[in-house]
Amino acid sequence: MRKISTALTFSIATLAIGFLVGACGDTNTPNGTATNGSSATPAANSTITSSAKGLQIGVLLPTTGDAASIGQQMVAVPPLLVEKVNACGGVNGEPVNLVQVDDQTDPKAGAAGMTKLATLDKVAGVVGSFASSVSSAAISIATPNKVMLVSPGSTSPVFTEKAQKGDFKGFWARTAPPDTYQALALAQLARKKGFKRVSTVVINNDYGVGFEKAFVQTFEKLGGTIVNKDKPVRYDPKAQTFDTEAAAAFAGKPDAVLAVLYAETGSLFLKAAYQQGVTKGVQILLTDGVKSPTVPEQVGKDSEGKYILTGAIGTVPGSDGKALEAFNKIWKDKKGGEPGEYTPQTWDAAALLVLAAQAAKENTGVGIANKIHEVASGPGTEVTDVCEGLKLLKDGKKINYQGASGNVDLDANGDVVGVYDVWTVGDDGKIKVIDKVTPK
């Protein structure tokens, strides 16, 4: 209770700051978040649409902090979906309203932002967050406030374990599969490539430690050896130097090193490892948290002008849903270019919230929680277009939403099973997908 009270006090204070900033100038960027910089508070980094009626949806994603390079594209997605929904009549006869908060890739900021969304903005559902540590902080506030939280990117297995215990009371789901599946996919990939001895280094939060645990169990079952199993390397998310961690992770002559990182701190770690000379002859295995177009440049080049990350391989939740082509077209028409990682999952998270509210015929978190499994994976007409789904629901029909990321069939724990892209860094420093893998 003390944490919630502190966060609420913080949110009320920063809400006033947000109104003052909004009154003093144009704070909105094209993706609908404020341009107050990394030191801004979550409330100051929020955008509220004009109408106070109708379904209220929050967005809790990072536009600053360690995961900003991924979050900045994700945060641009919900406004596109809401624009489409409102153009075809809204939900329950009213336009959908959107409130966006920058969680700064920080659990404290995420908790403050979630408290604001739940208690001041009175949202029924929230798209968020990306970082598992932030979602852990947010769900502890969303659940008692009866707000449905749908994460498009938090992949820690911890959420599955807590959902099984009933901790979330049905107010949790995610459109990105848990890392138990990605760890299996990466472990299988490592063994396929002949790696027998692997070390691990992870960011010390729910995402990193959860992935590490799942990978170690899977890799050992496949006959592999974890070189540093008894001395796991876990770095502080707020660390700025990584010489000690780099030396420890690459010690013991592993065939490969699994590095579960975020882009900003991860690039510093990988550069430090190279500068120590410990990466030579060792395969770098990466995951979704560091797959950003800017990372190869951030890590840098060697003395011969070659990208340090050239040849690194990794996995990331892919997208193969029936609605993917239509989503890509909307993105290209509105934003130009190709959408980034986790944008299809973000589209599906927002779509499930509006469809569940319409199915419930009420704009409440309880209503959404009661109907979200039904519209995602229950019997009914398969629909890929959110407006078609809303129309059928208004007519009293049942639907089975087929998303952009996949079929988004939620299980009892709010999890989905996905396909994974295998990616690598080319000689030109560009990240490219070279294969797909479905964990078995």
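Residues numbered from 1 in each chain as written. Predicted model: local features only at pLDDT ≥ 70, side-chain atom pairs only at ≥ 80, totals over all residues. Heavy atoms only, no water.

Caption draft 1: Geometry of the nonpolar core. Core analysis: the largest hydrophobic core is formed by 113 residues, its most contacted members being Leu 55, Phe 215, Phe 269, Leu 286, Val 354 and Leu 355. In terms of residues, this core owes the most to one element, helix H13 (residues 343-360), which gives eleven residues. Residue contacts for Phe 269: discarding those within four places in its chain leaves Val 201, Phe 242, Glu 245, Ala 246, Ala 249, Phe 250 and Leu 261. Grouped together as the second largest cluster of nonpolar side chains are 20 residues, Val 99, Val 101, Ala 111 and Ala 138 included. (Core = buried A, V, L, I, M, F, W, Y, C linked by side-chain atoms within 4.5 Å. Buried < 20%, exposed > 50% of the residue type's maximum accessible area, 1.4 Å probe, protein only. Helix = DSSP H or I, 4+ residues; strand = E, 2+ residues; numbered from the N terminus. Contact = heavy atoms within 4.5 Å.)

Caption draft 2: Quick look at the state of the cysteines. Applying the stated criterion to the full structure yields one disulfide. A sulfur-sulfur distance of 2.1 Å marks the disulfide that ties Cys 88 to Cys 387. Between Cys 88 and Cys 387, the S-S torsion sits near -85°, and that sign places the bridge as left-handed. Pair noted here: Cys 88 is in the loop between helix H3 (77-87) and strand E3 (97-102) and Cys 387 is in helix H15 (residues 386-394), with a separation of 299 residues, a long-range link. Residue classification places Cys 88 among the partly exposed residues on the basis of a relative accessible area of 30%. Here Cys 387 falls in the buried class, since its relative accessible area comes to 15%. (Disulfide = S-S within 2.5 Å.)

Caption draft 3: Molecular detail of the packing of aromatic side chains. Evaluated as defined, the whole model comprises twelve aromatic pairs. Between Phe 159 and Trp 172, the ring centres sit 4.4 Å apart and the planes meet at 15°, which makes this aromatic pair stacked. Linking Phe 159 in helix H6 (residues 158-164) with Trp 172 in strand E6 (residues 172-174), this pair joins segments that are 13 residues apart in sequence. Ring centres of Phe 327 and Trp 347 lie 5.4 Å apart, and the angle between their planes is 50°; this geometry places the pair in the tilted category. Pair noted here: Phe 327 is in helix H12 (residues 324-334) and Trp 347 is in helix H13, with a separation of 20 residues, a long-range link. Under the relative-accessibility criterion, Phe 327 is labelled buried at 1%. Using a relative accessible area of 4% as the deciding quantity, one classes Trp 347 as buried. Ring pairing ties together the aromatic residues Phe 130, Tyr 207, Phe 211, Tyr 262 and Tyr 342, which thus form one cluster. (Phe/Tyr/Trp six-rings, centres within 6.5 Å; stacked < 30°, edge-to-face > 60°.)

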